[in-house]
Amino acid sequence: MKNIFSCESVSKGHPDKAADQIADAILDECLKIDSNARCAIECLITKDVLILGGEVSLNGYVNFEKVARNALKSIGYSSSFIDFDPEEGKIVNLIKEQSPDIYQAVFKEEIAAGDQGIMFGYATNETKEFLPLPFVIANKLLEKADSLRKQGLFKYAKTDMKSQVSYDYDRKNITCILISIQHSENYEEKEFRNYIKNEIVYPLIKEYNLNEDFNLIINPSGKFIIGGPAGDTGVTGRKIVADSYGGIARCGGGAFSGKDPSKVDRSAAYMARYICKNLVAANLVSKCELQIGYAIGIKTPISIHLETYGTENISKDMILEIISKTFDLSVQGIIKHLRLQTPIYSNTSCYGHFGKNNLPWEKLDKVEEIKSYVDNYNILINHSF
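The structure displayed is predicted, hence computed values, not measured ones.

A. Quick peek at the overall build of the chain. Counting its regular elements, the chain contains 11 helices and 11 strands. Taking 2.2 N^0.38 as the reference for a compact globule, 385 residues should give roughly 21 Å; the C-alpha atoms of the chain span a radius of gyration of 22 Å, in line with that estimate. Over its C-alpha atoms, taken along the principal directions, the chain stretches across nearly 80 × 55 × 30 Å. Here the contacts in the chain between residues at least 6 apart in sequence split such that 72% fall between residues at least 24 apart.

B. How the structure looks around empty space enclosed by the protein. Considering all chains together, one arrives at 2 cavities of 30 Å³ or more under this definition. Each pocket or cavity is described by its volume, and for the largest cavity that value is around 70 Å³. Along the walls of the largest cavity sit 14 residues, with F120, C251, G252, F256 and A269 positioned nearest its centre. Of all the secondary-structure elements, those providing two or more residues to the lining of the largest cavity are strand 5 (117-124) and helix 8 (264-281). A per-element tally of the lining of the largest cavity places strand 5 first, with 3 residues. Split by residue class, the lining of the largest cavity holds 8 nonpolar, 4 polar and 2 charged. The computed volume of the second largest cavity comes to approximately 30 Å³. As for the second largest cavity, its lining consists of S9, V10, K17, N139, A242, D243, Y351 and G352. Of all the elements in the fold, those that place two or more residues in the lining of the second largest cavity are strand 1 (4-10) and helix 7 (240-243). In terms of residue class, the lining of the second largest cavity is built from 3 nonpolar, 3 polar and 2 charged.

C. Representation of the pattern of salt bridges. Scanning all chains against the criterion turns up 20 salt bridges. Between R238 and D16 there is a salt bridge, with its nearest N and O atoms 2.9 Å apart. Placement of the pair is R238 in the loop between strand 9 (234-235) and helix 7 and D16 in helix 1 (residues 15-33), with a sequence separation of 222 residues. D260 serves as the salt-bridge partner of K263, at 2.5 Å between the closest nitrogen and oxygen. Among the charged side chains, a salt-bridge network with shared partners connects D16, R238 and K239.

D. Examining the nonpolar core more closely. Core analysis: the biggest nonpolar cluster contains 111 residues, and I22, L50 and Y294 have the highest contact counts within it. Per-element accounting of this core gives the leading share, 11 residues, to helix 8.

E. Fine view of the packing of helix 4 (residues 133-150) against helix 5 (residues 189-207). As a packed pair, helix 4 and helix 5 sit with axes 10 Å apart at the nearest point and diverge in direction by 135°. Judged by the inter-axis angle, helix 4 sits oblique to helix 5. Considering how the two elements wind past one another, helix 4 and helix 5 form a crossing that is right-handed. The segment helix 4 lies against helix 5, with I137, K140, L141, K144, A145 and L148 engaging Y195, E199, I200, V201, P203, L204 and I205.

F. Just the layout of surface pockets, in detail. Counted as a void, the largest pocket has a volume near 330 Å³. As for the largest pocket, its lining consists of 18 residues, and the residues nearest its centre are K12, Q21, S74, S346 and S349. For the lining of the largest pocket, the secondary structure elements donating two or more residues are helix 1, helix 2 (64-75) and helix 4. Of all the elements, helix 2 adds the most residues to the lining of the largest pocket, at 5 residues.

G. Highlighting helix 9 (residues 316-326). Residues of helix 9 that are buried include every one of M318, I319, I322, I323 and T326, and no others. The arc that holds every buried residue of helix 9, seen down its axis, measures 145°, which confines them to one face. Helix 9 presents D317, S324 and K325 as exposed residues on the side facing more than 90 degrees away from its buried surface.

H. Region of interest: the sheet that holds strand 1. In space, the 4 strands of this open sheet follow the order 1-6-7-8, with mixed pairing throughout. Looking at strand neighbours, the two that pair on one side only are strand 1 and strand 8 (215-218), the edges of this open sheet. With direction set aside, neighbouring strand axes in the sheet form an average angle of 10°. For strand 7 (residues 173-183) and strand 8, the ladder comprises 4 bridges, and the chain directions are parallel.

The rules behind each value
- Residues numbered from 1 in each chain as written.
- Predicted model: local features only at pLDDT ≥ 70, side-chain atom pairs only at ≥ 80, totals over all residues.
- Heavy atoms only, no water.
- Helix = DSSP H or I, 4+ residues; strand = E, 2+ residues; numbered from the N terminus.
- Rg over C-alpha atoms; globule rule 2.2 N^0.38 Å.
- Contact = heavy atoms within 4.5 Å.
- 1 Å grid on protein atoms, 1.4 Å probe; cavity = no way out; pocket = protein on both sides within 12 Å on 5 of 7 lines; lining within 4 Å.
- Points joined across faces, edges and corners; volume = space filled by probe spheres on them.
- Nonpolar A, V, L, I, M, F, W, Y, C, P; charged D, E, K, R; others polar.
- Salt bridge = Lys/Arg side-chain N within 4 Å of Asp/Glu carboxyl O.
- Core = buried A, V, L, I, M, F, W, Y, C linked by side-chain atoms within 4.5 Å.
- Buried < 20%, exposed > 50% of the residue type's maximum accessible area, 1.4 Å probe, protein only.
- Axes fitted to C-alpha atoms, helices over the stretch in contact; angles between N-to-C directions.
- Parallel < 35°, antiparallel > 145°, perpendicular 65-115°, else oblique.
- Left-handed = near helix turned anticlockwise from the far one by under 90°.
- Arc of directions from axis to C-beta.
- Pairing = 2+ DSSP bridges.

Right, dumping it as structure tokens:
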């Protein structure tokens, strides 16, 4: 078991993910009204109570409570007994205006970092998503389960779900899949388990051409009727590992959801992923991790660190030079290039912030430029001999 790695995911109905979705729904509404809106939304949700906190500054008005209730309905919550009543549940709004001390440090002639911080990006060639395989499978299982639930095809299923996938990197096979799915009180257990096995788990395994001789564990706790905020308290940013790379790569010091792009916790993490994915797609490395460090009020990074795990096809010094020549790592440059002042964040708040091709930091539009840089360098070297 020395090289078996496990990754987990949680569904939209998990209370921590509910908090993330509400925070990003509020952010998106603010950006629709004012693309320069400054937001740092924090949510805490428990049985029948949702607390909204954080800071917002924008030129306009957003009904935060209405946005939150719509997000709760979209998740699929319906009952104060089994999850959260989006109509009757209590909402406490404690959102205040952003500190002027932060504003004056960040918004000068050019946007600077909204705080200090370390951010990580990662990419690997082991899947078409450029993400770790067990992490991809963990996310896809729940995406499929929740989609079938919404279509009315997954009988008895409710919104709160968790998955965990264990993968043997030496033997290249799955050793265990664990999946827990909330269900209605009056359900047929055998029918429910067979549906998960035959309609969700094994079709996905076949799609990825993986082995089928793994240990499948379904709802090991027994019954799972009460879920969501009725079963556990949720807080924004508490699923940062599931938001990023499933634990295979390091994650930074801050969470993503609820934060506008001046917060480098979010924008620089997206840029780091964008860089790593393009480097892997250009075949400079098989996998890599990039750390970027920022300081509040300073517009460019104060540090960059590249880890290639010995998979580089050219020198690390040259890869770092390519990064410096190809990518603008200033805060304003990141925001502009990745178009981060648009309301796209609700799409990130569940099943990972990476691997979704419709997001701007997932584009492979720098691959040819990177390859051209390497080709020109090789021509120059060859002519020198």
